[in-house]
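Below are the chains, spelled out letter by letter.
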Amino acid sequence: MTRDAQSASSAKAEPDAHTGLPSVGQHDPAHTGLPSVGQHDLPGFIARITARERRAVSQAVTELERLSPSAPALLQALQPHLGHALVAGFTGPPGAGKSTLVNAVIRELRAAGKTVAVIAVDPSSPISGGAILGDRIRMTAALDDDGVFVRSLASRGYLGGLSPAAVRIIDAFDAAGFDLILLETVGTGQNEIDVAEVADVRIVISAPGLGDDIQAMKSGLLEIADILVVNKGDRPGAEQTMQQLAGALSIRATISDKIPLLKTTATSGEGVAKLLAEIDTVGDRVRASGAEARRRRRARYLIARAAADLVAARIRRGEGSRLDDLSDRVLAGTLTPDAAAAALLKD
């Protein structure tokens, strides 16, 4: 190194020559936004994103995923270009074939000349926080295709199947003008309901042979579905699974006539065109509600997650006699956990 440690620590971050954003790992800790447009040509960077230049989109996604010091200014600059994308969320129990079905959907969309971005969320290690990010291995339709952009994310321990980073990345793909954004969640059964707050169209996927997972899906995920899909339709038991889900819909009279129940075989592409037609139908209905309402719903999800994280961190630290008092009262049965939480939020 040519600078001593003191001068290096006080030096300003140098911008990336291609994006105008400070490079990853070079952010000034005291810096909370992008420097002036004149210095770093932020409009030029935004123009490259809206032109769907892969390197610019990739850099923007990285900044938003990390929630770097540059992210707030970047999000503000993207605002005029947002509100056009339709987000389709794919969720369901592990083993339902979500990644393979997403790959088949990509193939069908590209055959129709449409562009698609994919956010694939993988489970994180509870110890290291890392993830294999292996969903994209099954997405062979995305290889060497400039009309497809796949980003894998770690769930970072969030139990609802999503990471808040996924919501921020939606804005980058929206600004880049992709025709459809596909969001594939972790696959954790009935806990996986965050997709209901984030996706515009919710596709709940099952498959024959999942046993108790069908029961979990009927009791948890069924209520959030816009479209129900039985994947691996060429396997024994597919018709029985269809009947089980149709029966579950029939006892929920308020939704049974609104939710299409489809059968697909992702490996052969059977039923995928019909699935896309249903996504378009639901998407048209969702678009009628306006982009602002859809984006506000995602913002509320981010706020709720951030608030939950702050409260959880405070409880884990166990700071103050107030928390000890509330804990003792809950243990004694004189206060319910809900009432204790409400009291904690008021403090």
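Residues numbered from 1 in each chain as written. Predicted model: local features only at pLDDT ≥ 70, side-chain atom pairs only at ≥ 80, totals over all residues. Heavy atoms only, no water.

## What to know about the overall build of the chain
Reasoning step 1: Per the secondary structure count, the chain includes 15 helices and 7 strands.
Reasoning step 2: Looking at the chain residue by residue over its 347 residues, the buried ones come to 48%.
Reasoning step 3: Nonlocal contacts in the chain, meaning residues at least 24 apart in sequence, comprise 74% of its contacts between residues at least 6 apart.
Reasoning step 4: As displayed, the chain has an accessible area near 16,900 Å², and 53% of this comes from carbon and sulfur atoms. (Helix = DSSP H or I, 4+ residues; strand = E, 2+ residues; numbered from the N terminus. Buried < 20%, exposed > 50% of the residue type's maximum accessible area, 1.4 Å probe, protein only. Contact = heavy atoms within 4.5 Å. Areas by Shrake-Rupley, 256 points an atom, 1.4 Å probe, with all protein chains shown as cover.)

## Details of the nonpolar core
Reasoning step 1: Counting residues in each nonpolar core, the largest one holds 47 residues, and the members touching the most others are Ile49, Leu74, Leu78, Ile119, Phe173 and Ile181.
Reasoning step 2: Ignoring any residue separated from it by four or fewer positions in sequence, one finds Phe173 in contact with Val57, Val61, Ala117, Val118, Ile119, Phe149, Arg151, Phe178 and Ile181.
Reasoning step 3: Counting residues in hydrophobic clusters, the runner-up holds 31 residues, among them Ala96, Val201, Ile203 and Ile205. (Core = buried A, V, L, I, M, F, W, Y, C linked by side-chain atoms within 4.5 Å.)

## Side note on the packing of aromatic side chains
Reasoning step 1: Inspection of the entire model under this criterion finds 2 aromatic pairs.
Reasoning step 2: Between Phe173 and Phe178 the ring centres are 5.7 Å apart and the planes differ by 85 degrees, which places this aromatic pair in the edge-to-face class. The exposure classification of Phe173 matches that of Phe178, with both residues buried.
Reasoning step 3: Three or more aromatic residues link up through ring pairs in this structure, and these residues are Phe149, Phe173 and Phe178.
Reasoning step 4: Above the ring of Phe178, the side-chain terminus of Arg52 is found at 5.3 Å from the ring centroid. (Phe/Tyr/Trp six-rings, centres within 6.5 Å; stacked < 30°, edge-to-face > 60°. Lys NZ or Arg CZ within 6 Å of the ring centre and 35° of its normal.)

## Concerning unusual backbone geometry
Reasoning step 1: Located in the positive-phi region is Arg52, a residue other than glycine, with phi close to 60 degrees.
Reasoning step 2: By the element assignment, Arg52 lies in the loop between α3 (42-50) and α4 (54-66).
Reasoning step 3: When its relative accessible area of 30% is taken as the criterion, Arg52 is described as partly exposed.

## Quick look at α4
Reasoning step 1: Between its first and last C-alpha, α4 extends 18 Å over 13 residues, near the 18 Å set by a 1.5 Å rise per residue.
Reasoning step 2: Inspection of α4 places Ala56, Val57, Gln59, Ala60, Val61, Thr62, Glu63 and Leu64 among the buried residues, and these make up the whole buried set.
Reasoning step 3: Packed against the buried residues of α4 are α3, α5 (71-78), β3 (148-154) and α7 (164-175).
Reasoning step 4: Two residues or fewer after α4 comes Leu67, characterised by a positive phi angle close to 50 degrees. (Expected span 1.5 Å × (residues − 1).)

## Some points on the pattern of salt bridges
Pairing between side chains of opposite charge can happen when the charged atoms of each approach one another.
Reasoning step 1: This structure, assessed with the given rule, holds 14 salt bridges.
Reasoning step 2: The salt bridge involving Arg294 is made with Asp200; its shortest N-O contact spans 3.2 Å. With Arg294 in helix α13 (residues 291-317) and Asp200 in the loop between α8 (195-198) and β5 (201-206), this residue pair connects regions lying 94 residues apart in the sequence. When sorted by exposure, Arg294 lands in the same class as Asp200, which is buried. (Salt bridge = Lys/Arg side-chain N within 4 Å of Asp/Glu carboxyl O.)

## Notes on the sheet that holds strand β4 (residues 180-184)
Reasoning step 1: Strand order in the open sheet made by the 7 strands is β3-β2-β4-β1-β5-β6-β7, with parallel pairing throughout. The sheet terminates laterally at β3 and β7 (261-263), the two strands that pair on one side only. For this sheet, the mean inter-axis angle between neighbouring strands, taken without regard to orientation, is 20 degrees.
Reasoning step 2: With 7 bridges joining them, strand β2 (residues 116-122) and β3 adopt parallel strand pairing. Following the sheet pairing, Val121 is matched in β3 by Leu153. (Pairing = 2+ DSSP bridges. Axes fitted to C-alpha atoms, helices over the stretch in contact; angles between N-to-C directions.)

## Structural notes on the pairing of strand β6 (residues 227-230)
Reasoning step 1: Side-chain alternation along β6 places Ile227 and Val229 on one buried face and Leu228 and Val230 on a second face that is also buried.
Reasoning step 2: The pairing of β5 with β6 spans 4 bridges and is parallel. For Val204, the partnering residue across the bridge sits in β6 and is Leu228.
Reasoning step 3: Pairing between β6 and β7: 3 bridges, direction parallel. Paired with Leu228 across the bridge in β7 is Leu261.

## Let's talk about the confidence of the model for the chain
Reasoning step 1: Summing up the model confidence of the chain, the mean pLDDT is 78 and the portion of residues at 70 or higher is 73%.
Reasoning step 2: Low pLDDT, under 50, characterises residues 1-39; the stretch is placed with 59 contacts to residues that sit more than four places away or in other chains. (pLDDT = per-residue confidence, 0-100.)

## Remarks on helix α14 (residues 321-332)
Reasoning step 1: When the terminal C-alpha atoms of α14 are compared, their 16 Å separation across 12 residues agrees well with the 16 Å that a helix rising 1.5 Å per residue should span.
Reasoning step 2: In the stretch just after α14, Gly333 is the one whose phi turns positive, near 85 degrees.

## Considering the pairing of β2
Reasoning step 1: When you tally the buried positions in β2, you get 7 out of 7 residues, the bulk of the element.
Reasoning step 2: The side-chain alternation of β2 yields two buried faces, one formed by Val116, Val118, Ala120 and Asp122 and the other by Ala117, Ile119 and Val121.
Reasoning step 3: Pairing of β2 with β4 involves 5 bridges; the strand directions are parallel. Note that in β4 the partner of Ala117 across the bridge is Ile181.

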